[in-house]
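# Structural overview
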Amino acid sequence: MNCIDTHAHLDGEEYAEDRKEMIERAREAGVSKVFLPAIDLPSVERVLAMSREFPHYCYPMIGLHPEEVRADYKDVLSQMHDTLSHSTGFIAIGEVGLDFYWSREFAEEQLDAFEEQVKWSVETRLPLMIHCRKAQNEMVTILKRYAGKLPGGVFHCFTGNSREAEELLRFDGFVLGIGGVLTFKKSHLPEVLREVPLSRIVLETDSPYMAPVPMRGKRNESAYVVYVLRKLAESLGVSEEEVARQTNENVQRVFGIC
């Protein structure tokens, strides 16, 4: 039984001491592929390097994370777009989106940067990997401008309610990325996801963050995506094999990778 971790920051310094061993643990746990989002210019080079070091296992994305949007964002986006134009290895535009949780200091810049990267998705036909926190209304407003043109993507780290899930899944070709929060004791996600078709869900860890129970509080890693898989199977009342099969099929549909 193999599964795919669709979102993990394995290029981070948190894995500097044991990156190869961590990848091997993921393989042994049954994780067949890991998708690596970039968040800024340095991470673009890192995820590309990892994809070369672990071919057909680690797959790179390119994008400017909303929390990394600063006054120089236009220059950063220009450099990223140039890299994107000269590379065929990226599987998605991400991690992009909006985040107004901590601050709205660069709110207008975030909105502009997100829309620009949505345009990249439309142009390249690469799916979006979207981060959204305290900004769903603004995100949906931008996506609606390109409805019918979007190739699809993932609403990463979904932790919303049923109404929010319904609103997001009105966008054809998009799925919800479900990670460790599903396993938390007070999480409402098990109830919410019972109303979501399994065909609209993919698995993720967001490593090194938000490790699932029973690893909560520790550094997250891709091997732990199996705990998310097990909890999802339990929540939906289906077998772990069915969750693995269907979520892998969803990955193939969204990313073109199986």
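For the structure itself, look to the data block above.
If you're wondering where the values come from, they're calculated on a predicted model, not measured in any experiment.

## A few points about the overall build of the protein chain
- Scanning the protein chain from terminus to terminus reveals 9 helices and 8 strands.
- Radius of gyration (C-alpha) of the protein chain: 17 Å, near the 18 Å computed for a compact globule of 258 residues.
- With the principal axes as the frame, the protein chain shows a C-alpha extent of 45 × 40 × 35 Å.
- Long-range pairs, those at least 24 residues apart, make up 73% of the contacts in the protein chain with a sequence separation of at least 6.
- Surface accessibility of the protein chain: about 11700 Å² in total, with carbon and sulfur atoms responsible for 47%.

## Examining the side chain of Arg19
- With respect to the element layout, Arg19 can be found in helix 1 (residues 19-29).
- Within the buried core, Arg19 has no salt-bridge partner, and the shortest N-O distance to an opposite charge, that of Glu53, equals 6.4 Å.
- Those residues in contact with Arg19 that sit more than four places away from it in its chain are Leu10, Asp11, Gly12, Glu13 and Met50.

## So, helix 1
- Every buried residue of helix 1 is accounted for by Arg19, Met22, Ile23 and Ala26. Buried residues of helix 1, seen end-on, are gathered within an arc of 100° and therefore sit on one face of the element. In helix 1, the exposed residues that point more than 90 degrees away from the buried face are Lys20 and Glu28.
- The elements touched by buried residues of helix 1 are strand 2 (31-36), helix 2 (41-53) and strand 3 (58-60).
- Backbone geometry just after helix 1 places Gly30 at a positive phi near 100°.

## Concerning the environment of Asp5
- Residue placement: Asp5 occurs in strand 1 (residues 3-5).
- The exposure class assigned to Asp5 is buried, which follows from its relative accessible area of 0%.
- Between the C-alpha atoms of Asp5 and Ala26, which are 21 residues apart in sequence, the distance is 9.4 Å.
- Residues within four places of Asp5 in sequence aside, it is in contact with Val31, Lys33, Val34, Phe35, Leu203, Glu204, Thr205 and Ser222.
- Looking at Asp5, its side chain comes within polar contact range of the main-chain nitrogen of His7, at 3.2 Å.

## Some thoughts on the pattern of salt bridges
- All chains considered together, the criterion is met by 15 salt bridges.
- In this structure, Glu138 engages Arg104 in a salt bridge whose closest nitrogen and oxygen atoms are separated by 3.9 Å. Of the two residues, Glu138 is situated in helix 5 (residues 136-144) and Arg104 in the loop between strand 4 (93-99) and helix 4 (107-124); the sequence distance between them amounts to 34 residues.
- Classification of Glu138 as partly exposed rests on a relative accessible area of 26%.
- Between Glu115 and Arg145 there is a salt bridge, and its shortest N-O distance comes to 2.7 Å.

## Remarks on the pairing of strand 4
- The buried fraction of strand 4 is high, at 7 of 7 residues.
- Looking at chain direction, strand 4 and strand 5 (residues 128-133) are connected through 6 bridges and run parallel. Counted as the bridge partner of Gly94 is Met129 from strand 5.
- With helix 4 bridging strand 4 and its parallel neighbour strand 5, the resulting β-α-β unit is right-handed.

## Things to note about the packing of aromatic side chains
- Tallied over the full model, the rule gives 7 aromatic pairs.
- Consider the rings of Tyr224 and Tyr227, whose centres lie 6.1 Å apart with planes at 55°: the pair is tilted.
- In this structure Tyr227 comes out as partly exposed when scored by relative accessible area, which is 22%.
- Its guanidinium or amino end placed over the ring of Phe100, Arg104 lies 4.2 Å from that ring's centre, counting from NZ or CZ.

Parameters at a glance
Residues numbered from 1 in each chain as written. Predicted model: local features only at pLDDT ≥ 70, side-chain atom pairs only at ≥ 80, totals over all residues. Heavy atoms only, no water. Helix = DSSP H or I, 4+ residues; strand = E, 2+ residues; numbered from the N terminus. Rg over C-alpha atoms; globule rule 2.2 N^0.38 Å. Contact = heavy atoms within 4.5 Å. Areas by Shrake-Rupley, 256 points an atom, 1.4 Å probe, with all protein chains shown as cover. Buried < 20%, exposed > 50% of the residue type's maximum accessible area, 1.4 Å probe, protein only. Lys, Arg positive; Asp, Glu negative; His and termini not counted. Salt bridge = Lys/Arg side-chain N within 4 Å of Asp/Glu carboxyl O. Arc of directions from axis to C-beta. Polar contact = N/O pair within 3.5 Å; in protein donor to acceptor, adjacent residues only side chain to side chain. Pairing = 2+ DSSP bridges. Right-handed = clockwise from strand over helix to strand, strands pointing away. Phe/Tyr/Trp six-rings, centres within 6.5 Å; stacked < 30°, edge-to-face > 60°. Lys NZ or Arg CZ within 6 Å of the ring centre and 35° of its normal.

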